[in-house]
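Structural overview for review
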Amino acid sequence: MPFGFRAQIAKYSELKQEYEKLTSDLSKARQMVNDLPRLRAEYEELHRAWLLAKELLPEGREVASLLSKVTIAGQQSGVKFTLFKPGQPVDRQYYVEHPVEVGVVGGFHEVATFLSEIANLSRIVNVSKVKLVSYEKGKPEESVLAGFIASAYTLKKGVSDVPPNDKKK
């Protein structure tokens, strides 16, 4: 054995470990680079979905017109409103929920048509807590009393076109 071999063995093992770590890091980086086109495509798809969702959420000043569209849909469907009571807005992370307690009376098919019209609005309106009850106090064509909560949504002020994690891109 050469005289400096024992002195250099510690340095050799240290360099070998560093080489293996750098090789592993390089391999991971190459995998990421190879995966970059897929990740970019996924990002673009998520960004398009974000923009679509943002478009479906009206701004605060549009809520009144949206609620008037719900009223028009009810009138066109042939139901009569028995209750239209806006609730307190509920603050969420990216949006604000505006619940409205709605009561209508009409025939079963008219009530179903009304709910279908709400579902087909150009903006997001969620119908929950639906209760259908037989109604015998009115005209024969008014056989169903329906109560539900219609929730309209607005985008929070200050939410940009870019999702929060992507602002640096």
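A short tour of the structure in this document, coming up. (Residues numbered from 1 in each chain as written. Predicted model: local features only at pLDDT ≥ 70, side-chain atom pairs only at ≥ 80, totals over all residues. Heavy atoms only, no water.)

Points about empty space enclosed by the protein
The final tally for this structure, using the stated rule, is 1 cavity of 30 Å³ or more. The calculated volume of the largest cavity comes to roughly 30 Å³. For the largest cavity, the full set of lining residues is Leu67, Val70, Val100, Val125, Ala150, Ser151 and Ala152. When residues of the lining of the largest cavity are traced back to their parent elements, those giving at least two are α2 (63–77) and β5 (144–155). Among the elements that make up the lining of the largest cavity, the one with the highest residue count is β5 (3 residues). Looking at side-chain class alone, the lining of the largest cavity contains 6 nonpolar, 1 polar and no charged residues. (1 Å grid on protein atoms, 1.4 Å probe; cavity = no way out; pocket = protein on both sides within 12 Å on 5 of 7 lines; lining within 4 Å. Points joined across faces, edges and corners; volume = space filled by probe spheres on them. Helix = DSSP H or I, 4+ residues; strand = E, 2+ residues; numbered from the N terminus. Nonpolar A, V, L, I, M, F, W, Y, C, P; charged D, E, K, R; others polar.)

Quick word on unusual backbone geometry
Within the chain, Lys129 stands out as a residue other than glycine whose phi angle is a positive 50°. Counting through the fold element by element, Lys129 comes out in strand β4 (residues 125–134). Note on Lys129: relative accessible area 63%, which makes it exposed. (Buried < 20%, exposed > 50% of the residue type's maximum accessible area, 1.4 Å probe, protein only.)

Some remarks on the side chain of Glu97
For Glu97, the location among the structural elements is in strand β3 (residues 95–106). Residue Glu97 is classed as buried on the basis of its relative accessible area of 14%. In this structure the side chain of Glu97 is engaged in a polar contact, spanning 3.0 Å, whose partner is the side chain of Arg92. Residues within four places of Glu97 in sequence aside, it is in contact with Gln88, Pro89, Val90, Arg92, Ser151, Ala152 and Tyr153. (Polar contact = N/O pair within 3.5 Å; in protein donor to acceptor, adjacent residues only side chain to side chain. Contact = heavy atoms within 4.5 Å.)

A closer look at the nonpolar core
Membership of the largest hydrophobic core comes to 18 residues, with the highest contact counts inside it found for Val102, Val104, Val111, Phe114, Ile118, Val125 and Phe148. Secondary-structure elements contributing two or more residues to this core are α2, β3, α3 (108–119) and β5. No other element matches β5, which puts 5 residues into this core. Each residue touching Val111, except ones within four places of it in the same chain, is listed here: Val79, Val104, Gly106, Leu132, Val144 and Ala146. (Core = buried A, V, L, I, M, F, W, Y, C linked by side-chain atoms within 4.5 Å.)

Looking at the packing of aromatic side chains
On inspection of all chains with the given rule, the structure shows 4 aromatic pairs. Here Phe81 and Phe114 contribute two aromatic rings whose centre-to-centre distance is 5.7 Å and whose plane-to-plane angle is 90°, an arrangement assigned as edge-to-face. Remark: Phe114 occurs in helix α3 and Phe81 occurs in strand β1 (residues 80–86); sequence separation between them is 33 residues. For Phe114, a relative accessible area of 0% gives the class buried. Seen in terms of ring centroids, Phe114 and Phe148 are 6.0 Å apart; in terms of plane orientation they differ by 50°. Their pairing is tilted. Here Phe114, found in helix α3, pairs with Phe148, found in strand β5; they are 34 residues apart in sequence, far enough to count as distant. For Phe148, a relative accessible area of 2% translates into the label buried. Taken together, Phe81, Phe84, Phe114 and Phe148 form an aromatic cluster joined through their ring pairs. (Phe/Tyr/Trp six-rings, centres within 6.5 Å; stacked < 30°, edge-to-face > 60°.)

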